There are 2 protein chains.
Amino acid sequence: MTAGYELEDKVLLAVDCIIFGFDNGDLKVLLVKRDFEPEKGKWSLIGGFLKKTETLDDAARRILHTLTGMHDIYMEQLYTWSEVERDPAERTISTSFYAIIDIKQHDKELIEHHNAKWFSLSNAPKLIFDHDQMLNKAIMRLRRRTSISPIGFGLLPEKFTMKQLQKLYEAILDRKVDKRNFINKIKSMDILVKLDEKDMSSSTKGSYLFMFDQEKYDAKQTKDFYLKIS
Amino acid sequence: MTAGYELEDKVLLAVDCIIFGFDNGDLKVLLVKRDFEPEKGKWSLIGGFLKKTETLDDAARRILHTLTGMHDIYMEQLYTWSEVERDPAERTISTSFYAIIDIKQHDKELIEHHNAKWFSLSNAPKLIFDHDQMLNKAIMRLRRRTSISPIGFGLLPEKFTMKQLQKLYEAILDRKVDKRNFINKIKSMDILVKLDEKDMSSSTKGSYLFMFDQEKYDAKQTKDFYLKIS
DNA sequence: GACTAAAAGTGTAATTTTAACATTTATTAT
DNA sequence: ATAATAAATGTTAAAATTACACTTTTAGTC
């Protein structure tokens, strides 16, 4: 019993990771300076090649860890890119993944040691190959996803204010939202716990801190519920 | 200037097509009996391998044509599957594509000559490898897509009745929808033209035929408008 | 030619959701 | 005591969604 696969072409399969970071109301993307040919020295997404012994998700995690030191980042598969000439050096197909993380929660030094750098979306450099397209598609997906189901876990400190949460949504959606409508919408979702504690750092009055209620959140996740921000 | 790719693993990259067909109120999927090892003789999605000289979309079109005789089918990329052991014969990654077509508009003989066969979703056989997962994911995507933006072109005869259109939505969403609400919703979308002609085949009264208004449809497509069926 | 049968066609009212909008409250620092 | 600063809060109008049932048309039959 031989498989009839002998005559088929084999190709390089790459993985590219689009890591969005949220910091201080600003949405950024993590890029690396490429240290091998072709396009050595240019900025690119965080990428590498799939090994035979791992899944694409494994590869994405390994590559992200190798190039930035980050780990335990949940990434979601986005799209597989296969233009014949996308990498001029050799026929390479690439599957892109994306994630969004809280920049503050990840060790800046680790990232910088690995000559990766955060860029605001508005002034990211031109990227190699089709990486600009990948980035664009990821932004679109992130926005759509954000208006469909709640994000948040892992993107904010464990305890956060409503304002911080609102800023996060505003950064992703790239527009202002009405404070009262936003708070009402979030409340109606019933996935947050209001704490007795206040954050005093930004006003004399102080603002209440909230936490996600993991259990309630998970319960709703399954029913893929819908969040639309006015 | 040598590319630093020499040491990387190369893999087989497959394409699998999930072709949904709509016929007579029933949603079906097109499957083929596999004629090579492994799993020879079992039912599978319409699949084959990417060649070095083509994109994934090219490969999907070529494979679909080879196995079924169909052409000019627009397929959308769904997901790339990479479990290490998904194909026991050799390390193979597969990108799945899906499409939905009007069965009547495609030549049955051609399809049957190629030992492909339509199965109702409710009694499709068990498929090889991870093809059941692929099919499931495609169904989910199709449903979600259907409630987000209008489908229809190419899925119905050029002229069709409201009932046919409703049946199409019901087949995809797998539930009944209210006739009056459905018609109102569709009318409010303003992408159909009512003809003076009636279809007399299903009642003494006859029911008016409609056509899609391609121009209006295209205009709305760009603004990715939203259709939600009650 | 009246009646029956079968599917097509049609509208309204109640409810829910969304969107727009401005003032009061709490606290620290002066 | 006052001023300054950001936090907290509720209402109303408009739009969208849902639930729901009777009338119309016409071919066929008695």
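Residues numbered from 1 in each chain as written. Chains lettered and ligands numbered in written order. Predicted model: local features only at pLDDT ≥ 70, side-chain atom pairs only at ≥ 80, totals over all residues. Heavy atoms only, no water.

### Some details on unusual backbone geometry
Here's step 1: We note that A:Glu39 has phi near 70 degrees; this positive angle belongs to a residue other than glycine.
Here's step 2: Turning to its location among the elements, A:Glu39 is positioned in the loop between strand E2 (26-33) and strand E3 (43-44).
Here's step 3: By relative accessible area, which is 25% here, A:Glu39 ends up partly exposed.
Here's step 4: Within the chain, B:Asp174 stands out as a residue other than glycine whose phi angle is a positive 60 degrees.
Here's step 5: Structurally, the position occupied by B:Asp174 is in the loop between helix H4 (162-173) and helix H5 (179-189).
Here's step 6: Here B:Asp174 falls in the exposed class, since its relative accessible area comes to 57%. (Helix = DSSP H or I, 4+ residues; strand = E, 2+ residues; numbered from the N terminus. Buried < 20%, exposed > 50% of the residue type's maximum accessible area, 1.4 Å probe, protein only.)

### Section: the interface of chain B and chain A
Here's step 1: With 41 residues of chain B at the contact, the number on the chain A side is 41 residues.
Here's step 2: When chain B packs against chain A, the two sides together hide about 3,800 Å² of surface, and 57% of this comes from carbon and sulfur.
Here's step 3: Of all residues in chain B, B:Tyr5, B:Lys10 and B:Lys52 bury the most surface against chain A, accounting for 20% of the area lost on that side.
Here's step 4: Among the salt bridges present, the one from A:Lys10 reaches B:Glu90, with a minimum N-O distance of 2.7 Å.
Here's step 5: On the surface where chain B and chain A come into contact, there are 18 residue pairs in polar contact (both at pLDDT 80 or more).
Here's step 6: Put simply, the parts of the chain that give the side of chain B that touches chain A at least two residues each are strand E1 (10-23), strand E5 (76-81), strand E6 (92-102) and helix H3 (131-148) of chain B.
Here's step 7: Ranked by residues supplied to the side of chain B that touches chain A, first place goes to E1(B) with four residues.
Here's step 8: Here the residues of the side of chain B that touches chain A sort into 18 nonpolar, nine polar and 14 charged.
Here's step 9: By the bridge criterion, three bridges tie strand E1 (residues 10-23) of chain A to E1(B) in an arrangement that is antiparallel. What sits directly across from A:Val11, in E1(B), is B:Val11. (Contact = heavy atoms within 4.5 Å. Buried area = accessible area lost by both parts, 1.4 Å probe. Salt bridge = Lys/Arg side-chain N within 4 Å of Asp/Glu carboxyl O. Polar contact = N/O pair within 3.5 Å; in protein donor to acceptor, adjacent residues only side chain to side chain. Nonpolar A, V, L, I, M, F, W, Y, C, P; charged D, E, K, R; others polar. Pairing = 2+ DSSP bridges.)

### Structural notes on the relation of the copies chain B and chain A
Here's step 1: The two copies are related by a screw motion: chain B maps onto chain A through a turn of 179 degrees and a shift of 0.1 Å along the axis, at an RMSD of 0.2 Å. One copy is carried onto the other by what is essentially a two-fold rotation axis.
Here's step 2: Both copies present the same face, since 100% of the interface residues in chain B are matched by interface residues at the equivalent positions in chain A. (Least-squares fit on C-alpha atoms with pLDDT ≥ 70 in both.)

### A word on a positive patch on the surface
Residue and element names in this part refer to chain A.
Here's step 1: Taken together, the side chains of Lys163, Lys167, Lys176, Lys179, Arg180, Lys187, Lys194, Lys198 and Lys205 make up a positively charged region of the molecular surface.
Here's step 2: When residues of the positive patch are traced back to their parent elements, those giving at least two are helix H4 (162-173), helix H5 (179-189) and strand E9 (192-199).
Here's step 3: The element best represented in the positive patch is H5, accounting for three residues.
Here's step 4: Summarising the element assignment, lysine 176 is placed in the loop between H4 and H5. (Patch = residues over 30% accessible without salt bridge, like charges linked within 9 Å, V, L, I, M, F, W, Y side chains within 5 Å. Areas by Shrake-Rupley, 256 points an atom, 1.4 Å probe, with all protein chains shown as cover. Lys, Arg positive; Asp, Glu negative; His and termini not counted. Charge placed at Lys NZ, Arg CZ, Asp CG, Glu CD.)

### Brief notes about the side chain of B:Asp23
Residues and elements named next belong to chain B.
Here's step 1: Mapping aspartate 23 onto the fold places it in strand E1.
Here's step 2: Since its relative accessible area comes to 13%, aspartate 23 is described here as buried.
Here's step 3: In this structure, aspartate 23 is in contact with Lys28, Ile103 and Lys104, ignoring residues within four places of it in sequence.

### Quick notes on the sheet that holds strand E8 (residues 160-161) of chain B
All names here are of chain B.
Here's step 1: Taking strand neighbours across the sheet as the criterion, the three strands line up as E8-E10-E9 in an open arrangement whose pairing is antiparallel. Across the chains shown, the open sheet's two edge strands, defined by having one partner strand only, are E8 and strand E9 (192-199).
Here's step 2: Summarising the sheet, E8 and strand E10 (residues 207-212) pair through two bridges and their orientation is antiparallel. The residue bridging phenylalanine 160 from the neighbouring strand is phenylalanine 210, located in E10.

### Some thoughts on the domain arrangement of chain A
Residues and elements named next belong to chain A.
Here's step 1: Domain annotation of chain A identifies domain 1 (12-148) and domain 2 (160-222).
Here's step 2: Taking only C-alpha atoms into account, the centre of domain 1 sits 28 Å from that of domain 2.
Here's step 3: Taken together, the contacts link eight residues of domain 1 with eight residues of domain 2.
Here's step 4: Counting the surface domain 1 buries against domain 2, the share from its top three residues, Phe22, Arg143 and Thr146, is 65%. (Domains from an automatic or database assignment.)

### Side note on the pairing of strand E2 (residues 26-33) of chain B
Residue and element names in this part refer to chain B.
Here's step 1: Taken across its eight residues, E2 has six buried, putting it largely inside the fold.
Here's step 2: Pairing between E1 and E2: four bridges, direction antiparallel. What sits directly across from phenylalanine 22, in E2, is leucine 27.
Here's step 3: What sits between the antiparallel neighbours E1 and E2 is a turn of two residues, in which asparagine 24 has the positive phi angle 60 degrees.
Here's step 4: Where E2 lies against strand E7 (residues 116-120), five bridges are found, and the strand directions are antiparallel.

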